[in-house]
Amino acid sequence: QVQLFESGGGSVQPGESLRLSCRTSGIVFRLYTMGWYRQAPGKQRELVANISKDDIQNYADFVKGRFTISRDINANTVNLQMDKLKSEDTAVYYCNARVSSLDFWGEGILVTVSS
């Protein structure tokens, strides 16, 4: 019933940009905190950014000034604009929808940054 559809991943060179999108279905989108997490090989999954139902944005220190999270209420979609990408940004990125005890995840989408 609840589905999160991620798109926009791919392979880029350092300094380039990507825009991730996560379209949701089966949730009352406006009530959820939406976020992006990532997991690199051999690493724990970590928060990249999230945005509350009141559009308050929160970023991990390692992406501040480079990434921007936003939501499109009409499209039930959360986006992550990733600029000035670095090789260490390489990871599988996961869309997350969270409210209270409810927590939903996308399948993950690969971002590779290499020269």
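Residues numbered from 1 in each chain as written. Predicted model: local features only at pLDDT ≥ 70, side-chain atom pairs only at ≥ 80, totals over all residues. Heavy atoms only, no water.

Give a description of the overall build of the protein chain that names residues and reports values.
Secondary structure summary: the protein chain contains zero helices and eleven strands in total. Going from N to C terminus, the protein chain has its helices and strands arranged as β-β-β-β-β-β-β-β-β-β-β. By the compact-globule yardstick of 13 Å for 115 residues, the protein chain fits well, its C-alpha radius of gyration being 13 Å. Dimensions of the protein chain, computed from the C-alpha atoms along their principal axes, are close to 40 × 25 × 25 Å. When contacts within the protein chain are restricted to residue pairs at least 6 apart in sequence, those whose partners lie at least 24 apart make up 52%. Here the protein chain has roughly 6300 Å² of accessible surface; of this, 46% comes from carbon and sulfur atoms. Between the mean site of the 13 positive side-chain charges and the mean site of the 12 negative ones, the protein chain shows a separation of 3 Å. (Helix = DSSP H or I, 4+ residues; strand = E, 2+ residues; numbered from the N terminus. Rg over C-alpha atoms; globule rule 2.2 N^0.38 Å. Contact = heavy atoms within 4.5 Å. Areas by Shrake-Rupley, 256 points an atom, 1.4 Å probe, with all protein chains shown as cover. Lys, Arg positive; Asp, Glu negative; His and termini not counted. Charge placed at Lys NZ, Arg CZ, Asp CG, Glu CD.)

Lay out the nonpolar core with the relevant residues and their values.
As a rule of thumb, nonpolar side chains are buried together in soluble globular proteins. Of all hydrophobic cores here, the largest spans 29 residues; its most connected members are Met-34, Trp-36, Leu-80, Met-82 and Tyr-93. Counting only elements with at least two residues in this core, the list comes to strand 3 (18-25), strand 4 (33-39), strand 5 (46-51), strand 7 (67-72), strand 8 (77-82), strand 9 (91-99) and strand 11 (109-113). For this core, the element with the highest residue contribution is strand 9, accounting for four residues. Those residues in contact with Met-82 that lie beyond four places of it in its chain are Glu-16, Ser-17, Leu-18, Leu-20, Arg-66, Phe-67, Tyr-93 and Val-111. (Core = buried A, V, L, I, M, F, W, Y, C linked by side-chain atoms within 4.5 Å. Buried < 20%, exposed > 50% of the residue type's maximum accessible area, 1.4 Å probe, protein only.)

Hey, could you go over the sheet that holds strand 7 for me, with residue numbers and the actual values?
The strand order 1-3-8-7 describes an open sheet built from four strands, whose pairing is antiparallel. Edge positions in the sheet fall to strand 1 (3-7) and strand 7, since each has one partner strand and no second. Neighbour to neighbour, the strand axes of the sheet diverge by 15° on average, direction disregarded. Pairing geometry for strand 7 and strand 8, over six bridges, is antiparallel. By the bridge assignment for strand 8, Ile-69 is matched with Leu-80. (Pairing = 2+ DSSP bridges. Axes fitted to C-alpha atoms, helices over the stretch in contact; angles between N-to-C directions.)

Describe the pairing of strand 8, and please don't skip the residues or the numbers.
Burial analysis of strand 8 places five of its six residues in the buried class, the great majority of the element. Two strands pair when backbone bridges link them, and strand 3 and strand 8 are joined in this way by six bridges, in the antiparallel orientation. Among the inter-strand pairings, Arg-23 is bridged to a residue of strand 8, identified as Thr-77. The loop that links strand 7 with its antiparallel partner strand 8 comprises four residues; one of these, Asn-76, has a positive phi angle of about 50°.

Any chance you could break down the pairing of strand 1 for me, citing the residues and the numbers?
Side chains Leu-4 and Glu-6 project from strand 1 onto a buried face, and the interleaved Gln-3, Phe-5 and Ser-7 project onto a face without burial. Looking at chain direction, strand 1 and strand 3 are connected through five bridges and run antiparallel. Across the sheet, Ser-7 pairs through a bridge with Ser-21, a residue of strand 3.

So what about the pattern of salt bridges? Which residues, and what values?
Enumeration over the complete set of coordinates arrives at six salt bridges. Linking Asp-61 and Lys-64 is a salt bridge whose minimum nitrogen-to-oxygen distance equals 3.1 Å. Ionic contacts of the salt-bridge type, sharing partners, join the residues Arg-38, Glu-46, Arg-66 and Asp-89 into one network. (Salt bridge = Lys/Arg side-chain N within 4 Å of Asp/Glu carboxyl O.)

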